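Coordinate inspection notes
Residues per chain, in single letters:
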Amino acid sequence: MIKSPEASQSAWRTMTPDITPLLDIIFIVLVFLLLTANIPLQSLEVDLPKTDSEALSTVQDDKSITINLLAGNPAWALQGEKFEDWAAFKPVLESQVKALKKADLMLASDGAVTVDNMMKVLAFLQEHEIQATEILMEEE
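Now for a quick tour of the structure. All chains use their own residue numbering, which begins from 1 and follows the written sequence. The model is predicted, so local features are restricted to residues of pLDDT at least 70 and side-chain atom pairs to those at 80 or more, both for listing and for counting; the totals for chains, interfaces and linings are taken over all residues. In computing side-chain values, all of the structure's heavy atoms are included and hydrogens and water are not.

Remarks on the overall build of the protein chain
Every helix listed is a DSSP run of H or I at least four residues long, and every strand listed is a run of E at least two residues long, numbered separately from the N terminus. Helix and strand counts for the protein chain stand at six helices and five strands. Going from the N terminus to the C terminus, the protein chain shows its helices and strands as α-α-α-β-β-β-α-α-β-α-β. Taking all 140 residues of the protein chain together, the buried fraction comes to 22%. Contacts spanning at least 24 positions in sequence make up 59% of the contacts within the protein chain whose residues lie at least 6 apart. Whether a residue is buried, partly exposed or exposed follows from its accessible area with a 1.4 Å probe, protein chains only, as a fraction of its type maximum: under 20%, in between, or over 50%, in that order. The contact rule is simple, with two residues in contact once any of their heavy atoms fall within 4.5 Å.

Observations concerning the pattern of salt bridges
By convention in these notes, a salt bridge is any Lys or Arg side-chain nitrogen within 4 Å of a carboxyl oxygen on Asp or Glu. One pass over the full model with this rule turns up one salt bridge. Of the charged contacts, one joins K120 and D116 as a salt bridge, the two residues approaching to 3.8 Å between their closest N and O atoms. One end of the pair is K120 and the other is D116, both in helix α6 (residues 115-127) and four residues apart, which spans about a single turn. Residue D116 is classed as partly exposed on the basis of its relative accessible area, which comes to 47%.

Concerning the packing of helix α4 (residues 86-95) against α6
Put simply, α4 and α6 touch, their axes get as near as 12 Å, and they point 25 degrees apart. As summarised for this structure, α4 and α6 are arranged roughly parallel, according to the angle between their axes. Like other packed secondary-structure pairs, α4 and α6 cross with a definite hand, here right-handed. Seen from α4, the contacting residues are W86, F89, K90, L93 and E94; seen from α6, they are K120, V121 and F124. Basically, the charged four are Asp, Glu, Lys and Arg, the nonpolar ten are Ala, Val, Leu, Ile, Met, Phe, Trp, Tyr, Cys and Pro, and anything else, Gly included, counts as polar. Taken together, the residues that form the contact of α4 with α6 break down as five nonpolar, no polar and three charged. Here, axes are lines fitted to C-alpha atoms. For helices the fit covers the stretch in contact, and angles between N-to-C directions go from 0 to 180 degrees. Note on angle classes: values under 35 degrees are labelled roughly parallel, values over 145 roughly antiparallel, values of 65 to 115 roughly perpendicular, and the remainder oblique. Here a crossing is taken to be left-handed if its near helix is turned anticlockwise relative to the far helix by less than a right angle, and right-handed if that turn runs clockwise.

Quick notes on the side chain of N117
Here N117 lies in helix α6. Classification of N117 as buried rests on a relative accessible area of 13%.

Digging into the packing of aromatic side chains
For Phe, Tyr and Trp, where Trp contributes only its six-membered ring, two rings pair if their centres lie within 6.5 Å, and the inter-plane angle classes them as stacked under 30 degrees, edge-to-face over 60, or tilted in between. The tally for this structure, following the rule as stated, stands at five aromatic pairs. Both rings, one in W86 and one in F124, keep their centres 6.4 Å apart while their planes meet at 80 degrees; by these two values the pair is edge-to-face. With a gap of 38 residues between them, W86 in helix α4 and F124 in helix α6 connect regions that are remote in the sequence. Both residues of the pair, W86 and F124, belong to the buried class. Members of the aromatic cluster, joined through ring pairs, are W76, F83, W86, F89 and F124.

Quick word on the nonpolar core
Joining through side-chain atoms within 4.5 Å is the link that ties buried Ala, Val, Leu, Ile, Met, Phe, Trp, Tyr and Cys residues into a set, and such a set is a nonpolar core. I67, F89, L93 and V121 are the most contacted members of the largest nonpolar core, which totals 21 residues. Those elements that provide at least two residues to this core are β1 (64-69), β2 (76-78), α4, α5 (97-102), β4 (104-109) and α6. In terms of residue count, α6 provides more of this core than any other element does, four residues in total.

Brief notes about the environment of N68
Structurally, N68 can be placed in strand β1. We classify N68 as partly exposed; its relative accessible area is 21%. A C-alpha to C-alpha distance of 8.3 Å links N68 and M106, two positions 38 residues apart in sequence. Sequence-distant contacts of N68, that is, excluding residues within four places in its chain, are made with A75, W76, A77, G80 and A108.

Geometric descriptors of this kind do not, in isolation, establish any biological role.
Written out as structure tokens, the structure is:
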């Protein structure tokens, strides 16, 4: 059996190979493989207005109806008319179903609106097969 020399530690170090260059090559290959890995990117195409005046002209169109989702109370508004709760707002929406289907519908929401309020409106629209053409979100 081969034993390492115990008297001198320097002799033992000269017998072991220096693996530093090997580790450098392994890390370089690892970085190369990570950088060249084919990662699929998911994207969503969104057409944004080029100017603020274009956005304002679309919002002020007479053929459009706006449903506002507000943070706090009142929670909803239709064409600027505010409603405190869903029980008061839903009958107004139901009376406007034909107009909502014909007009361009805009959902304008505060950034702090609860998901519950947003889901109630979206569920109503889906139930009545109303297509929302634009969803506007206010920046926080």
